[in-house]
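# Results of the structural survey
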Amino acid sequence: MNVIRRRGWDMPESRATPEHLFFNRRALLASLAASGLAPNVALAQRITDQPDPTIDLYPGKHNGAFTLDRPVTDEKINGNYNNFYEFNSSKNVAKQAQALKIRPWTIKIDGMVEKPFEIGIDDLVRKVGVEERLYRHRCVEAWSMAIPWSGFPLKKLVEMAKPLSAATYVRMETFMDKSVAPGLKQAWYPWPYVEGLTMAEATNDLAFLATGAYGKPIAKQHGAPIRLAVPWKYGFKSIKSIVKFSFVDKRPKGMWEELQASEYGFWANVNPEVPHPRWSQASEELIGTGERRPTLLFNGYGEYVAGLYKDLESKERLWA
Ligand SMILES: Nc1nc2c(c(=O)[nH]1)N[C@H]1C(S)=C(S)[C@@H](COP(=O)(O)O)O[C@H]1N2
Ligand SMILES: [Mo]
């Protein structure tokens, strides 16, 4: 995702894969070394945060419809290898992300709806309930994880919002508090983080709002208290720490698309046949295992979502 400052892996495609792997391993080792600090972080969190008022709901009923072809990624590895640019642009962001204040957390529903409203995260979660699903996650940087999310289908929030029939897209937006998230002071990013889906995508069964992971309320570095999980798309579409859902009739422009449209388009459907302009998408590294596997079209979720894209003529458009 690093399009501004050049890194070791920002290089001709012929060399991108090995260097890219090297970068990931190094970042992972650094993250794990830093995770020795985790008990202190957890302690600080316990002192400053109220206990989650919906903790009794987790993990929720397990929904067995979504099976994995690989083991769940170790919680500690997943929780110490994150993308959360609001805090910093390295993978080692978990500690800084603990500064995020997740209560009170108010979500705005606006735009083309019967009546705009706001709802607190705890009221929302109590109202809709949570279930547990195992999902794969494929980052555009060619690495992947497997996560036990808890949460609810985005479709339930759409139903609650009562969009007008003219609304064709959902636009989502991340919090903007510079006092806790220093990355927001980096003016070269077009903050806030924004992502969007078509209404058909948003009401598809797979589109999920995660409020928990690994059997408990979701950790801050994963986008507490509520983040999107759209596992058939590259990871950047899965926007974290959402504060607003707007129902609109124009295609929303995501933050990454705003920054570099040729690399991070609206669709961002996982497609191993269409390389990123700077590296191949044919395979992925399963973070924490050293294993590399071929990447599957729609990240293996074609049975749920392929029908949504029948009318897009080319493979490129599936991706971009
Ligand atoms: N608000 C926000 N959402 C975000 C990001 C981000 O930087 N900010 N990074 C995205 C990217 S590129 C990925 S791969 C996933 C990473 O989620 P994880 O850290 O829980 O694995 O979050 C996505 N959502
Ligand atoms: Mo990503």
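Check the entry above for the structure.
Okay, helix α6 (residues 154-161) next. All of the buried residues along α6 are Leu 154, Leu 157, Val 158, Met 160 and Ala 161. Down the axis, α6 shows its buried residues gathered within 160° of arc, on one side only. Of the residues flanking the end of α6, it is Lys 162, one or two places downstream, whose phi is positive at about 50°.

Further remarks concern the site of ligand 1. In the vicinity of ligand 1 lie 17 residues, with Tyr 85, Glu 86, His 222, Ser 238 and Lys 240 positioned nearest. Within the backbone of Tyr 85, a nitrogen or oxygen atom sits 2.7 Å from an oxygen atom of ligand 1. Here a nitrogen atom of ligand 1 and a backbone polar atom of Ser 238 are 2.8 Å apart. If you map ligand 1 onto the pockets, it falls in the largest cavity. Broken down by class, the residue content of the shell around ligand 1 amounts to 7 nonpolar, 7 polar and 3 charged.

As judged from the 4 bridges shared by strand β12 (residues 283-286) and strand β13 (residues 291-294), these two strands associate in the antiparallel manner. When the sheet's bridge partners are listed, Leu 286 is paired in β13 with Glu 291. The antiparallel pairing of β12 with β13 creates a hairpin that spans 4 residues between the two strands, and Gly 288 there sits at a positive phi of about 90°.

Taken together, the buried positions of helix α5 (residues 121-128) are occupied by Ile 121, Asp 122, Leu 124, Val 125 and Val 128. One side of α5 holds all its buried residues, which, seen down the axis, span an arc of 160°. Facing away from the buried side of α5 by over 90 degrees, the exposed positions are Asp 123 and Lys 127. Each element contacted by the buried residues of α5 is listed here: β2 (106-111), β3 (117-120), β5 (143-153), α6 and β8 (208-213). Downstream of α5 by one or two residues, Gly 129 has phi in the positive range, about 75°.

Right, let's get into the sheet that holds strand β6 (residues 169-174). What the 5 strands build is an open sheet, ordered β3-β2-β11-β6-β7; its pairing is mixed. Taken across any chain shown, the strands that pair with only one partner, and hence form the sheet edges, are β3 and β7 (194-198). Within this sheet the neighbouring strands show an average axis-to-axis angle of 20°, counted without direction. In terms of strand pairing, β6 meets strand β11 (residues 242-248) through 6 bridges, oriented antiparallel. Bridging across to β11, Arg 171 finds its partner in Ser 246. Along the sheet, α6 contacts β2, β3, β7 and β11; its crossing angle with β11, the most-contacted strand, is approximately 60°.

It is worth spelling out the pattern of salt bridges at this point. For the coordinates displayed, the defined rule picks out 19 salt bridges. Between Asp 56 and Arg 126 there is a salt bridge, and its shortest N-O distance comes to 2.8 Å. One end of the pair, Asp 56, is in the loop between α2 (38-48) and β1 (61-62); the other, Arg 126, is in helix α5, and 70 residues separate them in sequence. With relative accessibility at 53%, the residue Asp 56 sits in the exposed group. With relative accessibility at 42%, the residue Arg 126 sits in the partly exposed group. Salt bridges sharing common partners tie together Asp 69, Arg 70, Arg 136, Arg 138, Glu 284, Glu 291 and Arg 293.

A complete count under the given rule lists 20 aromatic pairs for this structure. Aromatic pair Tyr 135 and Phe 208: ring centres 5.8 Å apart, planes at 65°, arrangement edge-to-face. One end of the pair, Tyr 135, is in strand β4 (residues 131-138); the other, Phe 208, is in strand β8, and 73 residues separate them in sequence. Pair check on accessibility: Tyr 135 and Phe 208 agree, each one buried. Seen from the ring of Tyr 301, Arg 136 lies directly overhead, with NZ or CZ sitting 4.4 Å from the centre. Over the ring of Phe 266 we find Lys 237, and its NZ or CZ is 4.2 Å from the ring centre.

The topology assignment puts His 137 in strand β4. Residues in contact with His 137, not counting those within four places in the same chain, are Trp 143, Ser 144, Met 145, Ile 147, Arg 227, Gly 235 and Asn 299.

All right, on to the environment of Val 158 then. With respect to the helices, strands and loops of the structure, Val 158 is situated in helix α6. A residue is classified by how much of its surface remains accessible, and Val 158, at 5% relative accessible area, is buried. Taking the C-alpha atoms as reference points, Val 158 and Thr 203, 45 residues apart in sequence, are found 7.3 Å from one another.

A few words on empty space enclosed by the protein. Counted according to the given criterion, the structure contains 3 cavities of 30 Å³ or more. Space inside the largest cavity adds up to approximately 330 Å³. Broken down by element, the residue count for the lining of the largest cavity peaks at 4 residues, all from β5. Its residues assigned to classes, the lining of the largest cavity comprises 13 nonpolar, 8 polar and 3 charged. Its boundaries defined by the atoms lining it, the second largest cavity holds a volume of some 50 Å³. Residue contributions to the lining of the second largest cavity peak at 3 residues, all from β4. Here the lining of the second largest cavity is built from residues that sort into 4 nonpolar, 2 polar and 3 charged.

Rules and cut-offs
Residues numbered from 1 in each chain as written. Chains lettered and ligands numbered in written order. Predicted model: local features only at pLDDT ≥ 70, side-chain atom pairs only at ≥ 80, totals over all residues. Heavy atoms only, no water. Buried < 20%, exposed > 50% of the residue type's maximum accessible area, 1.4 Å probe, protein only. Helix = DSSP H or I, 4+ residues; strand = E, 2+ residues; numbered from the N terminus. Arc of directions from axis to C-beta. Near = heavy atom within 4 Å. Polar contact = N/O pair within 3.5 Å; in protein donor to acceptor, adjacent residues only side chain to side chain. 1 Å grid on protein atoms, 1.4 Å probe; cavity = no way out; pocket = protein on both sides within 12 Å on 5 of 7 lines; lining within 4 Å. Sits in = over half its atoms within 2 Å of the grid points. Nonpolar A, V, L, I, M, F, W, Y, C, P; charged D, E, K, R; others polar. Pairing = 2+ DSSP bridges. Contact = heavy atoms within 4.5 Å. Axes fitted to C-alpha atoms, helices over the stretch in contact; angles between N-to-C directions. Salt bridge = Lys/Arg side-chain N within 4 Å of Asp/Glu carboxyl O. Phe/Tyr/Trp six-rings, centres within 6.5 Å; stacked < 30°, edge-to-face > 60°. Lys NZ or Arg CZ within 6 Å of the ring centre and 35° of its normal. Points joined across faces, edges and corners; volume = space filled by probe spheres on them.

Remember, this is a structural readout, not a statement about activity or role.
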